[in-house]
Amino acid sequence: MLFISYVAVTVATIAANAGMAAADFAKARFVMGNSAEVGLPASWVPWLGALKAAGAAGLLLGLLGVPYIGIAAATGLVLFFVGAIVAHVRARVFYNFAFPGGYLALAVGSLALAVAQA
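As the structure is a prediction and not an experimental result, all values here were calculated from the model.

K.L.:
Quick question: what am I supposed to make of helix H3 (residues 45-63) here?
P.N.:
Three or four residues apart is the spacing at which side chains of an α-helix point the same way, because the helix has 3.6 residues per turn. In this model, H3 (19 residues) spans 27 Å end to end at C-alpha, consistent with the 27 Å of a helix rising 1.5 Å per residue. Those residues of H3 lying buried are Val45, Gly49, Lys52, Gly55, Ala56, Gly58, Leu59 and Gly62. In the core, the buried residues of H3 are packed alongside helix H1 (2-25), helix H2 (29-37), helix H4 (67-91) and helix H5 (98-117). Glycine 65 sits one or two residues past H3 and shows a positive phi near 115°.

K.L.:
Before we go on, may I ask you to explain the side chain of histidine 88 in this structure?
P.N.:
By secondary structure assignment, the location of histidine 88 is in helix H4. Among the residues examined, histidine 88 registers a relative accessible area of 5% and is labelled buried. A polar atom in the side chain of histidine 88 sits 3.4 Å from the side chain of asparagine 96. Ignoring anything within four residues of it in the chain, the contact list for histidine 88 reads Asn34, Val38, Val93, Asn96, Phe97 and Pro100.

K.L.:
Whenever I open this one, the pattern of salt bridges confuses me. Can you help?
P.N.:
Side-chain pairs of opposite charge can arise where the charged atoms are in close proximity. In the structure shown here, the tally under the stated rule is one salt bridge. Between aspartate 24 and lysine 52 there is a salt bridge whose closest N-O contact spans 2.7 Å. Highlighted residues: aspartate 24 in helix H1 and lysine 52 in helix H3, separated in sequence by 28 residues. A relative accessible area of 8% places lysine 52 in the buried class.

Definitions and cut-offs
- Residues numbered from 1 in each chain as written.
- Predicted model: local features only at pLDDT ≥ 70, side-chain atom pairs only at ≥ 80, totals over all residues.
- Heavy atoms only, no water.
- Helix = DSSP H or I, 4+ residues; strand = E, 2+ residues; numbered from the N terminus.
- Expected span 1.5 Å × (residues − 1).
- Buried < 20%, exposed > 50% of the residue type's maximum accessible area, 1.4 Å probe, protein only.
- Contact = heavy atoms within 4.5 Å.
- Polar contact = N/O pair within 3.5 Å; in protein donor to acceptor, adjacent residues only side chain to side chain.
- Salt bridge = Lys/Arg side-chain N within 4 Å of Asp/Glu carboxyl O.

Given below as structure tokens:
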């Protein structure tokens with residue numbers, strides 16, 4: 001049962017982060033608007049997309065049998081989204097707080113389950 005939970009949560013985290021990385025790379029209107037609102041330079045958006053994509057790839061490697069890479073990727077995503085929460089709080093942008101919060105919850109779930117599986 002634990003393994004099924006691990007796979008389900010990790011696949012959801014991979015899909016969510018890969019999707020947002022694609023939106024970052026495409027410089028989607030909502031991404032650029034949110035970035036400007038929290039005071040993030042537009043030039044950082046592709047780099048942040050690369051971090052999300054790397055996190056998703058690392059989680060996939062964890063699922064494919066390299067557990068410590070998966071744990072490292074999940075840890076990186078947790079730290080990334082804690083930073084996103086801090087940026088939102090600092091800029092006092094609370095109306096869309098659920099988005100970084102949801103991604104953080106997925107990353108925390110993936111990390112906890114990956115550690116339990118290791």
